[in-house]
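# Commentary on secondary and tertiary structure
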Amino acid sequence: MTERAHAAHAEGETGVWSGSWVAERLGVELAGDEALTGLLGLALRRNPKRAHLLVSNVLGKHVPQSPSVVYGHGVALGRRVRELLGAEAAEGAVVLGYAETATGLGHSVADGLGSAPYLHSTRRAVAGVARAGGFEESHSHATSHLLLPQDPALLAGDGPLVLVDDEFSTGNTVLNTIRALHERYPRKRYVVVALVDMRSPADAGRLDAFAGEIGARVDLVTTASGTVRLPPGVLEKGQELVARYEAPPVDPATEPTTEALPERTTEATPERTTEATSEPASGPTGGSPGAASPGSVERVDLRWPHDVPDGGRHGFTAADRDRLESALPGMAARIADALPARARRVLVLGFEELMYAPLRLAQALEQAVGGDVDVRYSTTTRSPVLAVDDPGYAIRTRLVFPAHDDPADGPGERYAYNVAGAGFDAVIAVVDSAADTPALHAPDGLAARLAAHVPHVLLAVVPSYVPHASPAPQAPERPPMLPEPLRGPAFSSYAPDEVGWLLQDLSDVTLEAPTEEREEAIQSGGAHYAESLPVEYQPSEQYQELFHAALESSAARLARAVGAVTDVVLTERSPRPVLVSLARAGTPVGVLMRRWARFRHGLDLPHYAVSIVRGRGIDANALRWLADHHDPADVVFVDGWTGKGAITRELAAALRDFEVSDGVTGFDPEIAVLADPGSCVRTYGTRDDFLIPSACLNSTVSGLISRTVLRADLVGPHDFHGAKFYRELAGADLSPAFLDAVSARFPDVTESVDAHVKELLSADRTPTWEGWAAVERISEEYGIHDVNLVKPGVGETTRVMLRRVPWKVLARAGAGADLDHVRLLAEQRGVPVEEVADLPYTCVGLIHPQYTRGATGADGKAVTL
């Protein structure tokens, strides 16, 4: 950049809104309060799920800002919440912030509220800390949030819960959170806090309606409000712009630094994207403060108080706040002493979720140096955003570096925006000790990337807070021996050696409810789907003919996938695996894998079926039984197929909790599936989305066993989850016929399985989670705003038609016989089938998004909204 551009980048150009570049090219408008354009700029998402990104000028995430401005906005919101609640109610409030963007904002709101304890969600699992809950952020690029308070009672009170996010756009994240927490810790009042309320008119009424549903008061406090007006085709236009302005690959040894990039001169010449990935300057990583040469990285010892948490990941109390306030002046003084004498513009750079500690250090430094030094604050981030060097665009430059904190979701790119080329004389990078790894100091790491663009880099490490060790929780009392697995013919129509069910028999309990009643209860939050059973669908003669035709045409394809996934398991996981199917869709697949292992390798593998419930986890008593009888390292969890990957995530989280609660290690959360159309796992037989006939029916193709049940009055703390055995349906049972039809094709596919396994073992099978991304896109495009109501793939769509209240079926244009059974069910239930081009799945089932019996009719048939 030129010197003029340096100044403009640092201070902003008078009369140029940092959203004008996107607004002019996409036709995006911000409508609402006059303050909006001062609070927000616009940028483009890279590989966008949505075309635009609202970039806050006062949050301190993407845009360096004065720390007193950032902190002041949060504190002011907290004071308004205190006024709203009143002093007495405010004393009992708890504040919850969202990772990663709003962790510092939520902390600041808690400070403004007074003595309220603070907790923020996290995407970093911490050994030794059990989950108090979790939820999904459907529109985010990284969705799973964990709640890990040191004190589980933090969320259990009945005082107001204050939820803080940077923006309130659709309300989905907040509603998901409140729904999940209200189920476990009901309370009478919630307050939602955000810098900006950007809901559309369609979303504006949802908060009040939701409050009425749960019987609680829900208030909203924001700094400004408005909405984003998007023209037709904005997503496609945004993708085209990203493709046009994304920098082409270059040799990092020869790419110019950001400072050397040419300034735009004409509209005909596209502005240069500014991904600053130049070769880092070499320099020492140790030495005394103040002796740094240009491009060097030095450490500064903060002397962070040992008894003060680094943030709110495990909770932050009023006492913690007092101790931090006392220590801040001394730490700021040590930073000031370490700065080079001529530094006049300094950035304190936080790290992802670690926002509050760097913010308060920056604010204290700002006070310590007075007006002699311009102190700014921002943080690194996971969010991928396009950078364009134009004063009318919010993200001017981008530093790219690999993750350096061993994240639970694996390696990936991380970013620091508007740092390179912004005229900083020094950067103080603040990380927690868990992120002070060799990757941080690698040639392509954050420290080197900063040193390539800023003359002086100081590294300040805050100790990662680990909750104080306490006596291990007493394991709940339980019988000395859990019951042995249930087996056929007493329970299920499978042969006794085919599978052992780690379940309790609830066959004598009436659990079935009409589909329409179940749907209304589930969507209103009045009941969990696992607390009742749908009435078993009895297929018509025409539908049964479709099942047999589908089985005949797909048996060889199924056999090939069974052989492939079994051989991959035997090669990569264990030579003598213990197959543990996730009941019930996984059970026929587990039986078939066991049969293949005997046919092809002469192995007689143990096989069990266990219950896993979305939102409730896997049956912990079943895990205890397995750990008592087998080596957990040999256990391979099996399922039929993946949809969007919700059960994959559920299993991983549940096993982490079990390791903490019981101290049992070794269970591998990686699921082996017959088909992985959602690209959610590494171990699969195929990634094709085709009809697996066992999805066509309910119990009559699954050993006459119901879906599993988890209800407090039926399943005690020492019991396995429950299920029913529908003995009365024996005349319609097709379970043995399905297994035998596939097994009969084993000899025919042996050679093709061997070739396919070689391909799989040499291929890159890293999950891409493209299914989850597709579900998020469909949820937004169809106005559903809840990923749990979008069921992708042939198997999941079939379940929607058999168990839930369907709204629509999306079918990939040209899909053939694999969808004959879905089309028949749709015709019988009056559900429209809409053909869609470029659908990543063969089909997607949409559950009615606004279900009540009044909306859909008592017969459960869907209507067009």
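Relevant structure appears above.
All figures in this text were calculated on a predicted structure; none of them were measured in a lab.

### Points about the overall build of the protein chain
In terms of helices and strands, the protein chain carries 25 helices and 33 strands. By the burial criterion, 60% of the 865 residues in the protein chain qualify as buried. Once local pairs closer than 6 in sequence are excluded, the contacts in the protein chain between residues at least 24 apart make up 77%.

### Observations regarding the sheet that holds strand E31 (residues 806-812)
Across the sheet, which stays open at both edges, the four strands sit in the order E30-E33-E31-E32 with mixed pairing between neighbours. Edge strands, defined here as strands with exactly one partner in the open sheet, are strand E30 (790-792) and strand E32 (833-836). Geometrically, the sheet is characterised by an average inter-axis angle of 20 degrees between neighbouring strands, direction not taken into account.

### Regarding the sheet that holds strand E13 (residues 345-351)
Across the sheet, five strands lie side by side as E12-E18-E17-E13-E14; this open sheet has parallel pairing. The strands lining the two open edges of the sheet, one partner per strand, are strand E12 (296-299) and strand E14 (374-380). The sheet shows a mean angle of 25 degrees between the axes of neighbouring strands, direction not considered. Where E12 lies against strand E18 (residues 456-462), four bridges are found, and the strand directions are parallel. Residue Glu298 lies in a different strand from E18, and its bridge partner there is Leu458. Across the face of the sheet, helix H12 (residues 356-369) comes into contact with E13, E14 and strand E17 (426-432) while running at roughly 170 degrees to E14.

### Here's the deal with the pattern of salt bridges
Inspection of every chain in the model, using the stated rule, returns 38 salt bridges. A salt bridge links Glu353 to Arg313, with the shortest nitrogen-to-oxygen separation between them at 2.9 Å. Taken together, the positions of Glu353 in the loop between E13 and H12 and Arg313 in the loop between E12 and helix H11 (318-338) put the pair 40 residues apart, joining distant regions of the chain. Per residue, the accessibility class of Glu353 equals that of Arg313, and both read buried. Arg345 is the partner of Asp374 in a salt bridge, and the nearest nitrogen-oxygen pair spans 2.7 Å. Linking Asp374 in strand E14 with Arg345 in strand E13, this pair joins segments that are 29 residues apart in sequence. A relative accessible area of 9% places Arg345 in the buried class. Look at the salt bridges and you will find they share partners, linking Asp111, Arg321, Glu325 and Arg360 into a network.

### Remarks on helix H21 (residues 746-762)
Given 3.6 residues per turn, any residue in an α-helix points the same way as the ones three and four places further on. Relative to the 24 Å expected for 17 residues at 1.5 Å per residue, H21 spans 23 Å between its end C-alpha atoms, a close match to the ideal helical length. Bending of H21 peaks at approximately 40 degrees at the position of Ser752. For H21, the set of buried residues is Phe746, Val749, Thr750, Val753, His756, Val757 and Leu760.

### A short note on empty space enclosed by the protein
Applying the stated criterion across every chain, the model contains 10 cavities of 30 Å³ or more. Empty space within the second largest cavity amounts to approximately 110 Å³. Taken together, 12 residues form the lining of the second largest cavity, with Arg124, Glu352, Glu353, Arg382 and Asp405 sitting closest to its centre.

### Description of the pairing of strand E16 (residues 413-417)
Buried residues dominate E16, accounting for four of its five residues. By the bridge criterion, five bridges tie strand E15 (residues 398-402) to E16 in an arrangement that is antiparallel. Residue Pro402 lies in a different strand from E16, and its bridge partner there is Glu413.

### Some points on the environment of Leu846
Mapped onto the elements of the fold, Leu846 is located in strand E33 (residues 843-847). On a C-alpha basis, the gap between Leu846 and Lys808 in space is 5.2 Å, while along the polypeptide they are 38 residues apart. Contacts of Leu846, omitting those with residues within four sequence positions, involve Ile778, Tyr782, Ile784, Leu789, Val790, Val800, Pro806, Trp807, Lys808 and Leu810.

### Topic: helix H4 (residues 67-85)
Over its 19 residues, H4 extends 27 Å from the first C-alpha to the last, a length consistent with the 27 Å expected when each residue adds 1.5 Å. Every buried residue of H4 is listed here: Pro67, Val70, Tyr71, Gly74, Val75, Leu77, Gly78, Val81 and Leu85. Summarising the axial view, the buried residues of H4 lie within an arc of 155 degrees, below the 170-degree limit, and thus occupy one face. Along H4, exposed side chains directed more than 90 degrees from the buried face belong to Arg79 and Glu83.

What counts and how
Residues numbered from 1 in each chain as written. Predicted model: local features only at pLDDT ≥ 70, side-chain atom pairs only at ≥ 80, totals over all residues. Heavy atoms only, no water. Helix = DSSP H or I, 4+ residues; strand = E, 2+ residues; numbered from the N terminus. Buried < 20%, exposed > 50% of the residue type's maximum accessible area, 1.4 Å probe, protein only. Contact = heavy atoms within 4.5 Å. Pairing = 2+ DSSP bridges. Axes fitted to C-alpha atoms, helices over the stretch in contact; angles between N-to-C directions. Salt bridge = Lys/Arg side-chain N within 4 Å of Asp/Glu carboxyl O. Expected span 1.5 Å × (residues − 1). Bend = angle between axes of the 7 residues up to and from the residue. 1 Å grid on protein atoms, 1.4 Å probe; cavity = no way out; pocket = protein on both sides within 12 Å on 5 of 7 lines; lining within 4 Å. Points joined across faces, edges and corners; volume = space filled by probe spheres on them. Arc of directions from axis to C-beta.

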